[in-house]
Amino acid sequence: MEPRPLAERAPRVPVLAIVQYRFAPGEEYAVDYSADLSRTGVFVHAEVRHEVGSAVSLQITLRGGGLIEALGRVARAGLDADGAPGMGIAFERLEPAALAALEAVVGGGAA
């Protein structure tokens, strides 16, 4: 999967949330933190990064107990705006309940 063109990216909202993710079924979840969240993806602070295009299963625990479960792909691996290492993960599939939880945090604007 190619990275999304800038026109397709939604505005990002700084959100510190616990992110559990894994790259293969049966693999233990790694646990890190988000830097920001948008309607189309999340940037996860991570020392170990995977290749662009890698499929990933995510569980994002929001303050107040909301949970976003999603399937996505690594869209970029590198540094965030503050120079911290991590991965930008684009959402590929969100269930309606996860989308509702996401929109409650970032707003319901179109991507």
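As a reminder, the structure under discussion sits directly above these lines.
Residues numbered from 1 in each chain as written. Predicted model: local features only at pLDDT ≥ 70, side-chain atom pairs only at ≥ 80, totals over all residues. Heavy atoms only, no water.

**Focus: the nonpolar core**
Which entries qualify depends on this criterion: Buried residues of nine kinds, namely Ala, Val, Leu, Ile, Met, Phe, Trp, Tyr and Cys, make up a nonpolar core once their side-chain atoms join them within 4.5 Å. The buried label applies to any residue whose accessible area, calculated with a 1.4 Å probe on protein chains only, is under 20% of its type's maximum; exposed applies above 50%, and partly exposed to all values in between. Secondary structure elements follow DSSP: runs of H or I no shorter than four residues count as helices, runs of E no shorter than two count as strands, and numbering proceeds from the N terminus. In what follows, a contact means two residues having at least one pair of non-hydrogen atoms within 4.5 Å.
Among the nonpolar cores identified, the biggest contains 23 residues, and Tyr-21, Leu-37, Leu-58 and Ile-60 are the most heavily contacted of them. Broken down by element, this core gets its largest block of residues, 4 residues, from helix α1 (residues 96–106). With residues near it in sequence (within four places) discarded, Ile-60 still touches Ala-17, Ile-18, Val-19, Leu-37, Val-42, Gly-66, Leu-67, Ile-68 and Phe-91.

**With respect to α1**
Short version of the rule: When we speak of the arc, we mean the arc of directions from the helix axis to the C-beta atoms.
Buried within α1 are the following residues: Ala-98, Ala-101, Leu-102 and Val-106. Down the axis of α1, the sector holding all buried residues measures 120°, keeping them to one side. Every exposed residue of α1 that faces more than 90 degrees away from the buried side is listed here: Pro-96, Ala-97 and Ala-104. For α1, the secondary structure elements touched by its buried residues are β1 (13–14), β3 (30–37), β6 (67–79) and β7 (85–94).

**Quick notes on the pattern of salt bridges**
Counted only if it meets this: Whenever Lys or Arg places a side-chain nitrogen within 4 Å of a carboxyl oxygen from Asp or Glu, that contact is recorded as a salt bridge.
Following the criterion strictly, the structure yields 2 salt bridges and no others. The salt bridge involving Glu-103 is made with Arg-39; its shortest N-O contact spans 2.7 Å. Remark: Arg-39 occurs in the loop between β3 and β4 (41–45) and Glu-103 occurs in helix α1; sequence separation between them is 64 residues. Glu-92 is the salt-bridge partner of Arg-73, the closest N and O atoms lying 3.2 Å from each other. With Arg-73 in strand β6 and Glu-92 in strand β7, the pair connects residues that are 19 residues apart, well separated along the chain. Its relative accessible area of 41% is what places Glu-92 among the partly exposed residues.

**Comments concerning the packing of aromatic side chains**
Heads up, the condition is: Here is the rule: rings of Phe, Tyr and Trp (six-membered ring for Trp) pair when centre to centre is within 6.5 Å. Planes less than 30 degrees apart are stacked, more than 60 are edge-to-face, and the remainder are tilted.
This structure, assessed with the given rule, holds 1 aromatic pair. Ring centres of Tyr-21 and Phe-23 lie 6.0 Å apart, and the angle between their planes is 85°; this geometry places the pair in the edge-to-face category. Of the two residues, Tyr-21 and Phe-23, both sit in the buried class.

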